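Structural overview
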Amino acid sequence: MKAEEWEPYYSEILDFFGFSREDDEHAAHVLAELLPHDDIAVLRETISGQDCIVCGNAPSLADEIRKTDFSGKVIIAADAAARVLFHAGHRPAVILSDIDGMDDDFLVMNDLGTILVLHAHGDNIPLVRSWVPKVRGPIVGTTQATPLAHVYNFGGFSDGDRCVFCAYELGAANVSLIGFDLDDRSVDPVKRGKLMIARKLLKLCGHDV
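My aim in this report is to walk through the structure given alongside it, one point at a time. What you see is a predicted model, and the numbers here were worked out from it, not measured in a lab.

Attention now moves to helix α3 (residues 40-47). Quick reminder: α-helices carry 3.6 residues per turn. Residues three or four places apart thus point the same way. Of all the positions in α3, only Ile 40, Leu 43 and Ile 47 are classed as buried. Buried residues of α3 fall within an arc of 60 degrees about the axis and therefore sit on the same side. Along α3, exposed side chains directed more than 90 degrees from the buried face belong to Ala 41 and Glu 45. Immediately downstream of α3, the backbone of Gly 49 shows phi near 80 degrees, a positive value.

Here it is as structure tokens:
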């Protein structure tokens, strides 16, 4: 999704949660200054024309991993889902994260070739400053606000739906989903709102989750 197409959805999200556009834009500039390089070409080559499996971090993920044939598929993980996959013997090719679930396992995977697509927003600037300078392998920066020269906006809001938007924007041939539970009632009200918006956004991509 192009930035101008994303704008009305972004405006709705800002209004719904009371987030600050200015804070999001500031976070994008902080990320841009800290990025050691821009590996968008590597990310595009990894995804374009490929069958992709996007893995959310629902409690069902571990069980779904055991039932899934990953052969020949590009594994795209949403934040902490990457750790579940990695410890189950499946290193994701790509991780999209707003950094709140990031730990040293992400850096290990990155050193092995996993592309980190790290997302800046108004609430995670300290995490951006802490983690981005530690990344040694392939990295791409994203924002939900106005994109910059090397900070992209593929559309999507939470890590899971942003994975799906990214895959389609970069030319995936097919995208399937595991580890998504948008009806999870154990989450707090803010997270419940995010799941509601994720369902709406995923429908735009043809996924009725």
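Read on for the rest.
The next point concerns the side chain of Asn 124. When you line up the elements, Asn 124 lands in the loop between β4 (115-120) and α7 (125-131). The exposure class assigned to Asn 124 is buried, which follows from its relative accessible area of 3%. A polar contact is formed between the side chain of Asn 124 and the backbone oxygen of His 119, at a distance of 2.8 Å. Beyond its immediate chain neighbours, meaning those up to four positions away, Asn 124 contacts Asp 98, Ile 99 and His 119.

Glancing now at the pairing of strand β5 (residues 139-143). In terms of burial, β5 is a largely internal element, five of the five residues being buried. Neither face of β5 is exposed, since Ile 139, Gly 141 and Thr 143 on one face and Val 140 and Thr 142 on the opposite face are all buried. Here β4 pairs with β5 via five bridges, running parallel. Note on β5: the bridge partner recorded for Val 117 is Val 140. Following the chain from β4 across α7 to the adjacent parallel β5, one finds a crossover that is right-handed. Pairing geometry for β5 and strand β6 (residues 151-152), over two bridges, is parallel. Within β6, the position partnered with Gly 141 by the bridge is Val 151.

Conventions we followed
- Residues numbered from 1 in each chain as written.
- Predicted model: local features only at pLDDT ≥ 70, side-chain atom pairs only at ≥ 80, totals over all residues.
- Heavy atoms only, no water.
- Buried < 20%, exposed > 50% of the residue type's maximum accessible area, 1.4 Å probe, protein only.
- Helix = DSSP H or I, 4+ residues; strand = E, 2+ residues; numbered from the N terminus.
- Arc of directions from axis to C-beta.
- Polar contact = N/O pair within 3.5 Å; in protein donor to acceptor, adjacent residues only side chain to side chain.
- Contact = heavy atoms within 4.5 Å.
- Pairing = 2+ DSSP bridges.
- Right-handed = clockwise from strand over helix to strand, strands pointing away.

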